[in-house]
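Spelled out, the chains give:
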Amino acid sequence: MSDNASRTATAHVHGHSEEDYLRCSHGWKSWAFTLDHKRIGVMYLIAILISFLLGGVMALVLRAELFTPDKLFLSEDMYNQMFTLHGAVMTFLFLIPSIPAALGNFMLPVMLGVKDVAFPRMNLASFYLWVFGAIFFLMAILLGGLDTGWTFYTPYSTTTNTAVIAASMGVFILGFSSIFTGLNFLVTINTMRPAGMTWFRMPLFLWSLYATSIIQVLATPVLGITGLLLIAERTLGIGIFDPARGGDPVLFQHFFWFYSHPAVYIMILPAMGVVSELVSTFSRKPIFGYRFIAYSSIAIALLGFLVWGHHMFVSGQSALAATVFSALTFTVSIPSAIKVFNWLATMYKGAISLETPMCYALAFIFLFGIGGLTGLYLGALATDVHLHDTYFVVAHFHYVMVGGTLIAFLGGLHYWWPKMFGRMYNEMWARIACLIVFVGFNATFFPQFVLGSRGMPRRYARYDTEFVYFHQFSTSGAMLLGCGLMLCAGVLIHSLLRGRKAPANPWGSSTLEWKCSSPPPHHNFDWPPVVSAPYQYDHIVYDPNHQGYVEVEDIPEEEDELTNAPVESHS
Amino acid sequence: MSVSSLGISLTGLLAAGNDGTIAFPSQGSTVAPAVDSLFYIITAISAFFFVLIVAVMIYFVVRYRRRPGHDVEKSPSHNTALEITWSVIPGLLLVYIFAQGFLTFLDMRKPPEGAYEIQVVGRKWSWAFQYPNGVVQNELHLPLDRPVRLVMSSEDVIHSLFIPAFRVKQDLVPGRYSKVWFRTTKPGEYRLYCAEYCGQQHSTMVADVIVHEAGEFEPWLQAEVDRMNDLPPAELGELLYQRQGCVQCHAIDNNTTGKVGPSFLGTFGTEQPLADGQTVTVDENYIRQSILDPVSQVRAGYQPVMPTYQGRLKDREINALVEFIKSLGQ
Ligand code: HEM
Ligand SMILES: [Cu+2]
């Protein structure tokens, strides 16, 4: 790196020798062309939050329309476009990049104790690819909308006259963004870990990002190619998926789920990583079964490639294939279940404090529990036949993706917020927002399990009157959820304007990112951090003068042994 | 099996009369009880683990909350015996759930010999059910307690036939035949939905299912044949207009909202511009051509989306449709 020399010139001075990353340079160009992973992370954060707002407004419009069985204010065409864009925006623009590209980009190098990712230019490129892809999505809206569902099933998608081409181009480009981020993380973790940062001293969040990156790099190209094939079929009329031209429509579903099933793990693995950090920090306990959690992330990533067929049990695939996919599906649930037990065991005999991030972590365990367990009904063949493509599936994946990914994202956002922006937020109001989100979420999605098992199909603009009660319950819940999220946004924005200055380590966390000041200096650390095992809390004590936690140097020998954390190096 | 008996007693607990249970519509087929009891078994297992997890979580939060005078107590950071236990027990339960789901699924997939066969055609956005004697309906009429096999195909995009009360669902994929079978257990009326998103009017691609009382299905079917044979052409045409799905896309009055095709009202004998710039007179030939090869002469302002009825309508039926459209005036 060319600026190495200037860094060493300042780095040896103990104290705040560098301005923090937010203030070290000024002007829009210093942001637009920045190579600093932290600024890129912040830009990602803003971008995905805008997408989330957009997707969220569409969700509320959809729920409002469903308040009555017949038309309230949306035509069928509008309804179909609305659920398509809601799904596509939420999945491709928000959920997939949320934790890895926004929080991960910011935190990965800091937690690793290095000054940036391996390829800073590629990192910036991945952000602009995201923007570019998002523009194609907007274009799709303007060019006559999109009404295929986020799944783009053929031959509907090859025959509808909406903007399928613009949208698949968008997905294709977003795919590159995702691949770039994944590659960057893999190379950074493999080659740049500083002396002392062995594999088994890596915080679990980094393990989860590593596993996620493997999926991003291996699975995303399949989606990109599928998108291109779809475009080719529409423009050149070659018969790949269209039976009228000798193609196979079910082939598209195989391609699509071969990416999109692993993609759900792109969403949930980083969430599990965040929760591991939170549970350990707020219990002041080393995480129980560290190695298992680390390995199970990798196991989930790899097994996740083998189960795509469980989305297609009634598509006409052979009974044998269905059976094999069903069996494989259940194998993925074991590592997920055990992670939950590990988090609980971490809390055992801890000193648990219910700061906002921990409230989100507990909400995560609750909601992810429901999401994961309802997967059992869908993995089992006989029950899936009835529940497939009903609101039961809608409820299941919202519990996992919203109750899981979004809640963990919010937990992580509140946890790292003081680090990212140097401000504390109002703890009480943040907790109230968390509670409203939790209640609103359950009120929205729990009734949908009942709707589904009673036979209400998904993606219906109009419905039979027997379902009206549950739909109205769900819509009311959605409005409450919307209020909770608005409150949450209000609390965070207020903290930027009025918040108390954050100490370096407000929660008593033990990983490296808390050793630099808040917000971090431009090069993350003024001096090279000393790497030790993560999740050791004995020597971190509260200092009322700082209103934060500081490290004390003298750790008694035998206590270090008692904590029994995974310190052996095997790298 | 203690687990399955728990599931069955839960079934009883939640049963709420004729209308099914809180979780399900009433059971109308022979596989429904097996599906439901597996559902309740999974519910029992899930509820057990979920309550356990949440209870332990709340207990820990209360018991070990951070407060003055309470500090972290040392405890091991792993415990092999414990970890093996909590992997193996859920693992065995998962094997059990998988096996139950698999066995019931085999029953759903294997129709008995000699099942009564009904042809099903799905198209945007209606269903056509054709009986062995040629009667076509857009309601599904079924005999009681006799294995029925539906042989299904789609004319345009993927649809999916879903009868909640029977707990069956199967996609209709264009270009191939798919099959589903069931055996009804109770006379009555049920709902049939399209469960795979198929475009604009997906949510109205719904049909009624009528299971006849014992011995009443055959007479009903015979009466339908007789009725079709006896109707004057224009009335038969109207019936076919309803049953063959024309009604989904074509109005017969001036209210064309939600219809993707032109209204039939007052078109017969008129000159109409075509999408390719030519004009055509709406006469017997044009109507026949439009039914058999719809995309060959598309009217200006409309999409070439109509499916062909080639091979599905007899000459007498096409004539009847022509008569019907003629009767709607010029
Ligand atoms: C890591 C946690 C999980 C995530 C992120 C997840 C996510 C999802 C998503 C997004 C869908 C719906 C896709 C769509 O149709 O739009 C889905 C469906 C499904 N999930 Fe999960 N799920 C999780 C856990 C599980 C578990 C533990 C199982 C089984 C044991 C399971 C089995 C299924 C099945 C079989 C379907 C397809 C259902 C159908 O369409 O009929 N899932 N999941
Ligand atoms: Cu359909």
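Residues numbered from 1 in each chain as written. Chains lettered and ligands numbered in written order. Predicted model: local features only at pLDDT ≥ 70, side-chain atom pairs only at ≥ 80, totals over all residues. Heavy atoms only, no water.

Enquirer: What is the right way to look at the sheet that holds strand E1 (residues 116-123) of chain B in this model?
Expert: Strand pairing in a sheet relies on backbone hydrogen bonds, with the paired strands running either antiparallel or parallel. All names here are of chain B. Spatial ordering of the open sheet is given by E3-E2-E1-E5-E8, a layout of five strands whose pairing is mixed. For this open sheet the edge positions go to strand E3 (136-137) and strand E8 (178-183), each flanked by a neighbour on one side alone. As defined by bridge partners, strand E5 (residues 147-154) adjoins E8 across six bridges and the pair is classed as antiparallel. In the sheet register, Pro 147 faces E8, and the bridge partner there is Arg 183. (Pairing = 2+ DSSP bridges. Helix = DSSP H or I, 4+ residues; strand = E, 2+ residues; numbered from the N terminus.)

Enquirer: I would appreciate a short explanation of the UniProt feature "domain: Cytochrome c" (unreviewed entry) in chain B in the present structure.
Expert: Under the feature "domain: Cytochrome c" (unreviewed entry), the UniProt entry names residues 232-329 of chain B. Helix makes up 38% of residues 232-329 of chain B and strand 6%, and the two end C-alpha atoms of the span are 17 Å apart. (UniProt positions renumbered as here; feature names shortened; annotations may be inferred.)

Enquirer: What's the story with the site of ligand 1 in this structure? I'm lost.
Expert: Residue and element names in this part refer to chain A. Not every one of the 23 residues close to ligand 1 is listed here, only the nearest: Leu 378, Asp 384, His 388, His 396 and Val 400. Between ligand 1 and the protein, one listed contact pairs an oxygen atom with a side-chain N or O atom of Arg 458 at 3.1 Å. Broken down by secondary-structure element, the contributors of at least two residues to the shell around ligand 1 are helix H9 (249-283), helix H11 (319-347), helix H12 (356-379) and helix H14 (391-421). Here the element with the most residues in the shell around ligand 1 is H12; it accounts for six residues. Here the residues of the shell around ligand 1 sort into 12 nonpolar, nine polar and two charged. (Near = heavy atom within 4 Å. Polar contact = N/O pair within 3.5 Å; in protein donor to acceptor, adjacent residues only side chain to side chain. Nonpolar A, V, L, I, M, F, W, Y, C, P; charged D, E, K, R; others polar.)

Enquirer: Looking at this model, I keep getting lost on the confidence of the model for chain A. Mind explaining?
Expert: Any segment with low pLDDT has predicted coordinates that should not be analysed in fine detail. Residue and element names in this part refer to chain A. When pLDDT is averaged along chain A, the result is 90, and 94% of the positions lie at 70 or above. Confidence over residues 1-16 falls short of pLDDT 50; this stretch has 17 contacts with residues more than four positions distant or in other chains. Segment residues 556-571: pLDDT under 50, and 25 contacts once partners within four positions in sequence are set aside and those in other chains are kept. (pLDDT = per-residue confidence, 0-100. Contact = heavy atoms within 4.5 Å.)

Enquirer: What am I meant to see in the packing of H11(A) against helix H2 (residues 32-63) of chain B here?
Expert: The packing of two helices is summarised by the inter-axis angle and the distance between the axes. Contact pair H11(A) / H2(B): the axes reach a minimum separation of 9 Å and the direction vectors enclose 20°. Here H2(B) runs roughly parallel to H11(A), going by the angle between their axes. Between H11(A) and H2(B) lies a crossing whose hand is left-handed. Contacts from A:Val340, A:Phe341, A:Leu344 and A:Met347 in H11(A) reach B:Phe49, B:Ile53, B:Val56, B:Met57, B:Phe60 and B:Val61 in H2(B). (Axes fitted to C-alpha atoms, helices over the stretch in contact; angles between N-to-C directions. Parallel < 35°, antiparallel > 145°, perpendicular 65-115°, else oblique. Left-handed = near helix turned anticlockwise from the far one by under 90°.)

Enquirer: How should I be thinking about the nonpolar core in this particular structure?
Expert: Burial of nonpolar side chains together is a common tendency in soluble globular proteins. By size, the foremost hydrophobic cluster in this structure holds 259 residues, and its most contacted members are A:Phe92, A:Phe364 and B:Leu161. Among the elements that line this core, the one with the most residues is helix H4 (residues 76-112) of chain A, at 22 residues. Mapped onto the domain boundaries, this core takes at least three residues apiece from domain 1 (14-60 + 81-110) and domain 2 (116-226) of chain B. In this structure A:Phe364 touches A:Ile268, A:Ala271, A:Met272, A:Val275, A:Trp343, A:Gly369, A:Gly403, A:Gly404, A:Ile407 and A:Ala408, once residues within four positions along its chain are discounted. (Core = buried A, V, L, I, M, F, W, Y, C linked by side-chain atoms within 4.5 Å. Buried < 20%, exposed > 50% of the residue type's maximum accessible area, 1.4 Å probe, protein only. Domains from an automatic or database assignment.)

Enquirer: Looking at this model, I keep getting lost on the environment of B:Val173. Mind explaining?
Expert: Among the structural elements, B:Val173 can be located in the loop between strand E7 (168-172) and E8. Overall, the relative accessible area of 2% leaves B:Val173 in the buried class. As for B:Val173 and B:Ser37, which are separated by 136 residues in sequence, their C-alpha atoms are 30 Å apart. Residues contacting B:Val173, with those up to four places away along its chain left out, are A:Pro249, A:Val250, A:Ser315 and B:Ser154.

Enquirer: Which parts of the structure should I look at to understand the UniProt feature "domain: Cytochrome oxidase subunit I profile" (unreviewed entry) in chain A?
Expert: In this structure's numbering, the residues bearing the UniProt feature "domain: Cytochrome oxidase subunit I profile" (unreviewed entry) are residues 31-532 of chain A. As a span, residues 31-532 of chain A carries 71% helix and 0% strand, and end to end its C-alpha atoms are 33 Å apart.

Enquirer: Please clarify how the packing of aromatic side chains should be interpreted in this entry.
Expert: Note on aromatic pairs: each is described by the distance of the centres and the angle between the planes. A complete count under the given rule lists 74 aromatic pairs over all chains for this structure. Summarising the aromatic geometry, the rings of A:Phe200 and A:Tyr290 are spaced 6.4 Å apart at their centres and angled 70° between planes, so their arrangement reads as edge-to-face. A residue pair is termed long-range when its members are at least 10 positions apart, and A:Phe200 in the loop between helix H7 (164-191) and helix H8 (204-236) and A:Tyr290 in helix H10 (residues 290-303) qualify at 90 residues. With relative accessibility at 6%, the residue A:Phe200 sits in the buried group. With relative accessibility at 2%, the residue A:Tyr290 sits in the buried group. Taking the centre distance of 5.4 Å and the plane angle of 40° together, the rings of B:Tyr241 and B:Phe324 count as tilted. (Phe/Tyr/Trp six-rings, centres within 6.5 Å; stacked < 30°, edge-to-face > 60°.)

Enquirer: Is there a simple way to explain the coordination of the iron atom of ligand 1 in this structure?
Expert: In ideal tetrahedral geometry, four donors around a metal make angles of 109.5 degrees, whereas ideal octahedral geometry with six donors gives angles of 90 or 180 degrees. Just one protein atom coordinates the iron atom of ligand 1, and that atom is A:His396 (NE2), at 2.2 Å. Examined against the element boundaries, A:His396 turns out to sit in helix H14. (Donors = N, O, S within 2.8 Å, 3.2 Å for Na, K, Ca; no water.)

Enquirer: When you look at a nonpolar patch on the surface in this model, what are you seeing that I'm missing?
Expert: All names here are of chain A. Judged by side-chain polarity, Leu 54, Leu 138, Ile 141 and Leu 142 come together as a nonpolar surface patch covering roughly 380 Å² of accessible area. Position of Leu 54 relative to the elements: it lies in helix H3 (residues 37-65). Note on Leu 54: relative accessible area 38%, which makes it partly exposed. (Patch = residues over 30% accessible without salt bridge, like charges linked within 9 Å, V, L, I, M, F, W, Y side chains within 5 Å. Areas by Shrake-Rupley, 256 points an atom, 1.4 Å probe, with all protein chains shown as cover. Salt bridge = Lys/Arg side-chain N within 4 Å of Asp/Glu carboxyl O.)

Enquirer: I tried to follow the domain arrangement of chain B on my own but got confused; where do I start?
Expert: Reports often express the size of an interface as the amount of accessible area lost when the parts come together. Split into domains, chain B comes out as domain 1 (14-60 + 81-110), domain 2 (116-226) and domain 3 (231-328). One C-alpha centre belongs to domain 1 of chain B, the other to domain 3 of chain B; they are set 51 Å apart.

Enquirer: Can you walk me through the interface of chain A and chain B in this structure?
Expert: Between chain A and chain B, the residue contacts involve 93 residues of the former and 77 residues of the latter. In total, about 7300 Å² of surface goes out of reach between chain A and chain B, with carbon and sulfur atoms giving 65% of it. Our count for the contact surface shared by chain A and chain B stands at three salt bridges. A:Asp538 is the salt-bridge partner of B:Lys74, the closest N and O atoms lying 3.3 Å from each other. Every element with two or more residues in the side of chain A that touches chain B is listed here: H4, helix H6 (156-159), H9, H11, H12, helix H13 (381-387), helix H15 (427-453) and helix H17 (557-563) of chain A. (Buried area = accessible area lost by both parts, 1.4 Å probe.)

Enquirer: Just to check I follow, could you spell out the sheet that holds strand E10 (residues 206-211) of chain B for this structure?
Expert: Residue and element names in this part refer to chain B. A sheet is described by the order of its strands in space; here five strands give the open sequence E4-E10-E9-E6-E7, paired in mixed fashion. The open sheet is flanked by strand E4 (140-142) and E7, the only strands paired with a single partner. For this sheet, the mean angle separating the axes of adjacent strands, direction not counted, is 20°. Relative to E10, strand E9 (residues 188-194) is paired through six bridges, and the arrangement is antiparallel. Paired with Tyr 190 across the two strands is Val 209, which belongs to E10.

Enquirer: Any chance you could explain the pairing of strand E1 (residues 540-543) of chain A here in plain terms?
Expert: Here is the key point about a regular strand: its side chains alternate between the two faces of the sheet. All names here are of chain A. Alignment of E1 against strand E2 (residues 548-551), held across four bridges, turns out to be antiparallel. Each residue of the ladder has a partner; that of Val 541, found in E2, is Val 550. Linkage of E1 to E2, two consecutive antiparallel strands, is achieved through a turn of four residues, within which Gln 547 is found at a positive phi near 50°.

Enquirer: Can you help me understand the coordination of the copper ion (ligand 2) in this one?
Expert: Residues and elements named next belong to chain B. All of the protein donors around the copper ion (ligand 2) are His 159 (ND1), Cys 194 (SG), Cys 198 (SG) and Met 205 (SD); their distances to the metal are 2.1 to 2.8 Å. Relative to the metal, the four donor atoms surrounding the copper ion (ligand 2) lie at angles of 84 to 129°, and the coordination shape comes out irregular. In primary sequence terms, the donor set of the copper ion (ligand 2) follows H-x34-C-x3-C-x6-M. The exposure class of Met 205 is buried, given its relative accessible area of 0%. (Tetrahedral: all angles 85-135°; square planar, octahedral: opposite > 155°, others 65-115°.)

Enquirer: What should I look at first to understand the confidence of the model for chain B in this one?
Expert: All names here are of chain B. In the predicted model, chain B carries a mean pLDDT of 87, and the fraction of residues at 70 or more is 94%. The secondary-structure element of chain B with the lowest mean pLDDT is helix H1 (residues 2-14), recorded at 44, while strand E6 (residues 159-163) shows the highest, at 97. Across residues 1-18 the pLDDT falls below 50, and counting only partners more than four positions away or on other chains, this stretch makes 21 contacts in the model. Here the complex is predicted with pTM 0.87, and the ipTM for its interfaces comes to 0.89.

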